[in-house]
Amino acid sequence: EGRKMSSLTQENHELIRERDLCLSKIEMLRNDLDKTKSEFTQVQQQHTQASIDNAVLQSKHDEYLKQIEKLTTEFSIVEASKSTAIREAELSITTVMDQQI
């Protein structure tokens, strides 16, 4: 009976050791999970900020494109007016020169 008790005591110690190892692994995994959650939260925040920054830049880009389009149209109108003014001036000069002859 003493042997059986000794064997049970030894088995009990072994089970306690295994339990302690399992508890240690669980704690380690919990720590890893907490760290991963924290990193994930940081990545989500960075993604959100990057999305906001991208939206702001896209808005600025769109506004610049509108300004370029407007300026291009205005430039075309000015060029057309300039061409018309040059033709009218040439015609006027030709008319005056013809009258002087």
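Residues numbered from 1 in each chain as written. Predicted model: local features only at pLDDT ≥ 70, side-chain atom pairs only at ≥ 80, totals over all residues. Heavy atoms only, no water.

Student: Explain the overall build of the protein residue by residue, including any values.
Tutor: A tally of helices and strands in the protein yields one helix and zero strands. By the compact-globule yardstick of 13 Å for 101 residues, the protein is too spread out, its C-alpha radius of gyration being 43 Å. Burial status across the protein gives 0% buried among its 101 residues. Carbon together with sulfur atoms contributes 59% to the accessible area of the protein, which is approximately 9600 Å² in total. Between the averaged position of the 13 positive side-chain charges in the protein and that of its 18 negative side-chain charges there is a distance of 12 Å. (Helix = DSSP H or I, 4+ residues; strand = E, 2+ residues; numbered from the N terminus. Rg over C-alpha atoms; globule rule 2.2 N^0.38 Å. Buried < 20%, exposed > 50% of the residue type's maximum accessible area, 1.4 Å probe, protein only. Areas by Shrake-Rupley, 256 points an atom, 1.4 Å probe, with all protein chains shown as cover. Lys, Arg positive; Asp, Glu negative; His and termini not counted. Charge placed at Lys NZ, Arg CZ, Asp CG, Glu CD.)

Student: Which residues make up the environment of Asp 34, and what are the values?
Tutor: Along the chain, Asp 34 falls in helix α1 (residues 2-100). Overall, the relative accessible area of 46% leaves Asp 34 in the partly exposed class. On a C-alpha basis, the gap between Asp 34 and Thr 95 in space is 90 Å, while along the polypeptide they are 61 residues apart.

Student: Got a sec to walk through the pattern of salt bridges? Specific residues and values, please.
Tutor: Scanning all chains against the criterion turns up three salt bridges. Here Arg 19 makes a salt bridge to Asp 20, at a shortest N to O gap of 2.9 Å. (Salt bridge = Lys/Arg side-chain N within 4 Å of Asp/Glu carboxyl O.)

Spatial relationships are all this shows, so hold off on functional conclusions.
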